[in-house]
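# Observations on chain architecture
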Amino acid sequence: MSFALDPALAARLAADTGLWRDFNDICDCGGRLAGTASEKKAFALLRERVRAASPANSGRSIPAPYNGWRAKKASLRLSNGTMAACHPLVRTIATANDGLTAEVIDLGRGTPDEFAEHAADIKGRIALVRHELMFAAGTIHRRRKYDMARAGGAVGFLIGGPLPGHVVAGSSGRDRGEGIPAFGIAPETAARLARTGAGWPSVTMTIETEEGPAETETLVYDYPGTTDEWVVLSAHVDGHDLAESAMDNGSGLAAVLAVTRALAPQASGFRRGLRVMFFSVEEWALTGSAQYVEALSEADRARIALNVNLDSVAGSPNLAALSSGYAGVEPFLLQVAEANGQSLRTVRPLMTNSDHANFAAGGIPAIRLVAGFDDPMAHLRVVLTPADTRDKVAHGELRQATLLTAALVAAACNADLAEVAQWRMR
Ligand SMILES: [Zn+2]
């Protein structure tokens, strides 16, 4: 069977000026932190754009309750009395009014080895680790470092960002209840917190937060095919309040909208239907997609042939598909890319760094398309910093990612049963 995208459709997609317009409009909404007006504005924009693409499909909204959180103020005071810039990690616990003063133990990158070697030094101190390139083999996720810090008895958590002069955002991974205060800081601040002959430097972390029940949503648009099977195309709406969350994930959202415009009118002729999903609270430990997959019955899961999740698909011309351990889907991905004149690499280990991870864990073949994997020079290195802005995204890169996505989704919607059976092999 042919995996090449229909040439007329490919030409239409390549000429779709809506792609760049949508990307810019999504960035204009702001950083889209869950629970903010910026996130709501982005949902309204997505609704409007999907309605324009398929007026007869009003979609459905699934409520996504979560533990809301907001930082009211945060500060980091160094031992010499000067204040350093800091950014509270999502859902960090608050400190007492007069803050938390403790010594800082620098654990370098924050690998399990470093935590183990310093086990005797961590208790009662603030653990300092470094943010690392997120899209690379062997990356240790910030949430794991936070968990190791807590397990070691640290009383606070600092993570040094990748970009000189700028703090870094992220989630602490805490849901509710106990935790330790956690801030992202600039690399220069981290450098100032090195141990000296005089001992470990001390700092004062102060944070005031507001917590309570909150609710966002998951938006779903179904375009049925000729069977009751589905291919799920997804992207997360939420981001961080440092900039405009352009690469992560304005790029994925704009690509999903363009692919929806192109494929929705064709879906009724596909073997499998196209299900377009917009998740939120992804940056909050993948909460929205976790709730969605949990609520699916075994039969529902069996009917989803593949999840194609777009997260940070521009910022580098090099695209990778994270295949989440589903080795059997890799030949299909590579064949589709080749048939459409695109280069793609596959990366097999399951990375729990976006919504595809919940599909994969739920037994559904799931991939994440991501740009700049294993490339320390790609713009993607500044994701989660104030530099995740639209100027990092080239129109051509976004168009390439969109074309590849359309080809993958169309081929997946039409793949034969023997092919699809391969995908579930791990
Ligand atoms: Zn993301």
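Within any chain, residue numbers begin from 1 and follow the written order of that chain's sequence. Only residues with pLDDT of at least 70 are given local features in this predicted model, and only at 80 or more are side-chain atom pairs given and counted; all residues enter the totals for whole chains, interfaces and linings. Excluded from the side-chain calculations are hydrogens and water; all other atoms, namely the structure's heavy atoms, are used.

Any nitrogen, oxygen or sulfur atom within 2.8 Å of a metal ion counts as a donor, with the limit raised to 3.2 Å for Na, K and Ca, and since water is left out, coordination shells can look unfinished. His236 (NE2), Asp248 (OD), Asp311 (OD) and Asp311 (OD) make up the full set of protein donors to the zinc ion, lying at 2.1 to 2.3 Å. Given 4 donor atoms and angles of 57 to 140 degrees at the metal, the environment of the zinc ion is assigned as irregular. Here the donor residues of the zinc ion are spaced in sequence according to H-x11-D-x62-D. Here Asp311 lies in the loop between strand 11 (304–310) and strand 12 (319–322) and His236 lies in strand 9 (residues 230–236), a separation of 75 residues in the sequence. The same class applies to His236 and to Asp311, which are both buried. Every geometry call rests on angle ranges, with four donors termed tetrahedral when all angles are between 85 and 135 degrees, four termed square planar and six termed octahedral when opposite donors are over 155 degrees apart and all others are between 65 and 115, and everything else termed irregular. By the criteria applied, helices consist of DSSP H or I runs no shorter than four residues and strands consist of E runs no shorter than two, each listed in order from the N terminus. A 1.4 Å probe rolled over the protein chains alone gives each residue an accessible area, and that area as a share of the maximum for its type sets the label: buried under 20%, exposed over 50%, partly exposed in between.

In this model, Asp248 is joined to Asn249 through a cis peptide bond whose omega is 15 degrees. Structurally, Asn249 can be placed in helix 8 (residues 246–263). If you check the backbone angles, Val281 has positive phi at about 40 degrees while not being a glycine. Relative to the helices and strands, Val281 resides in the loop between strand 10 (273–279) and helix 9 (287–294). Exposure remark for Val281: the relative accessible area of 0% places this residue in the buried category.

Moving on, we come to the pairing of strand 11. For strand 11, the tally of buried residues reaches 7 of 7 residues, placing the bulk of the element in the interior. Pairing between two strands is assigned when DSSP locates at least 2 bridges connecting them. In terms of strand pairing, strand 9 meets strand 11 through 6 bridges, oriented parallel. Paired with Leu233 across the two strands is Val308, which belongs to strand 11.

The next subject is the pattern of salt bridges. What makes a salt bridge here is a side-chain nitrogen of Lys or Arg within 4 Å of a carboxyl oxygen of Asp or Glu, nothing more. This model, assessed by the stated rule, comprises 29 salt bridges. Arg261 is the partner of Asp16 in a salt bridge, and the nearest nitrogen-oxygen pair spans 2.9 Å. Within this pair, whereas Asp16 is found in the loop between helix 1 (7–14) and helix 2 (18–28), its partner Arg261 is found in helix 8, the two being separated by 245 residues in sequence. Owing to a relative accessible area of 18%, Asp16 belongs among the buried residues under this scheme. For Asp22, the salt bridge goes to Arg49, with nearest N and O atoms at 2.7 Å. Remark: Arg49 occurs in helix 3 (residues 37–53) and Asp22 occurs in helix 2; sequence separation between them is 27 residues. Taken together, the shared-partner salt bridges connect Asp16, Arg21, Asp22, Asp25, Glu48, Arg49 and Arg261 into one network.

What follows deals with helix 3. Multiplying 1.5 Å by the helix residue count minus one yields the expected span of that helix. The terminal C-alpha atoms of helix 3, which comprises 17 residues, lie 25 Å apart, in line with the 24 Å expected from a rise of 1.5 Å per residue. Burial in helix 3 covers these residues: Ser38, Glu39, Ala42, Phe43, Leu45, Leu46, Arg49 and Val50. The buried side chains of helix 3 occupy one side of the element, clustering within an arc of 160 degrees when seen end-on. Facing away from the buried side of helix 3, by more than 90 degrees, are the exposed residues Ala37, Lys40 and Ala52. In this structure, the buried side of helix 3 is in contact with helix 2, strand 8 (202–223), helix 8 and strand 10. Each C-beta atom gives one direction from the helix axis, and the arc is the one those directions make. Any pair of residues with heavy atoms lying within 4.5 Å of one another is described as a contacting pair.

Here we take up the nonpolar core. One finds Phe157, Phe278, Phe332, Phe359 and Trp423 to be the most contacted residues of the largest nonpolar core, which totals 116 residues. In terms of residues, this core owes the most to one element, helix 13 (residues 395–414), which gives 12 residues. Filtering out sequence-adjacent residues up to four positions away, Phe332 remains in contact with Phe3, Leu306, Leu408, Ala411, Ala412, Glu419 and Trp423. One finds Cys86, Leu128, Ala190 and Met205 within the second-largest nonpolar core, a separate group that totals 17 residues. Nonpolar core, defined: a set of buried Ala, Val, Leu, Ile, Met, Phe, Trp, Tyr and Cys residues in which side-chain atoms within 4.5 Å join the residues together.

Right, let's talk about the pairing of strand 4 (residues 100–106) for a bit. Pairing geometry for strand 4 and strand 8, over 4 bridges, is antiparallel. Of the residues in strand 8, the one forming a bridge with Leu100 is Met205. Judged from the 3 bridges that link them, strand 4 and strand 5 (residues 126–130) form a sheet pairing that is parallel. Counted as the bridge partner of Val104 is Ile126 from strand 5.

We now examine the packing of helix 2 against helix 13. At a minimum axis separation of 10 Å, helix 2 and helix 13 run at an interaxial angle of 110 degrees. In terms of orientation, helix 2 lies roughly perpendicular with respect to helix 13. The handedness of the crossing between helix 2 and helix 13 comes out as right-handed. The residues of helix 13 that touch helix 2, namely those facing Leu19, Trp20 and Phe23, are His395, Leu398, Arg399 and Thr402. Note on residue classes: Ala, Val, Leu, Ile, Met, Phe, Trp, Tyr, Cys and Pro are nonpolar, Asp, Glu, Lys and Arg are charged, and everything else, Gly too, is polar. Counted by class, the contact of helix 2 with helix 13 contains 4 nonpolar, 2 polar and 1 charged residues. Lines fitted to the C-alpha atoms define the axes, with helices restricted to the stretch that makes contact. Angles between their N-to-C directions range from 0 to 180 degrees. Roughly parallel means an angle under 35 degrees; roughly antiparallel means over 145; roughly perpendicular covers 65 to 115; every other angle is labelled oblique. We call a crossing left-handed when the near helix sits turned anticlockwise from the far one by less than a right angle, and right-handed when that turn is clockwise.

This next bit is on the packing of aromatic side chains. When the centres of two rings from Phe, Tyr and Trp lie within 6.5 Å, Trp using its six-membered ring, the rings pair. Their planes under 30 degrees apart give stacked, over 60 give edge-to-face, and anything left gives tilted. By the definition in use, this model includes 9 aromatic pairs. Aromatic side chains Phe3 and Phe332 sit 5.2 Å apart centroid to centroid with 90 degrees between the ring planes, which places their arrangement in the edge-to-face category. Residue Phe3 is located in the segment before helix 1, and its partner Phe332 is located in helix 11 (residues 330–339); the two are separated by 329 residues in the primary sequence. Members of the aromatic cluster, each reached through a chain of ring pairs, are Phe3, Phe332 and Trp423. Each ring is checked for a lysine NZ or an arginine CZ that lies within 6 Å of its centre and within 35 degrees of its normal; such an atom marks a charge sitting over the ring. Between the NZ or CZ atom of Arg195 and the centre of the ring of Trp200, over which it lies, the distance is 4.1 Å. Sitting over the ring of Trp230, Arg275 keeps its end group 4.5 Å from the ring centre.

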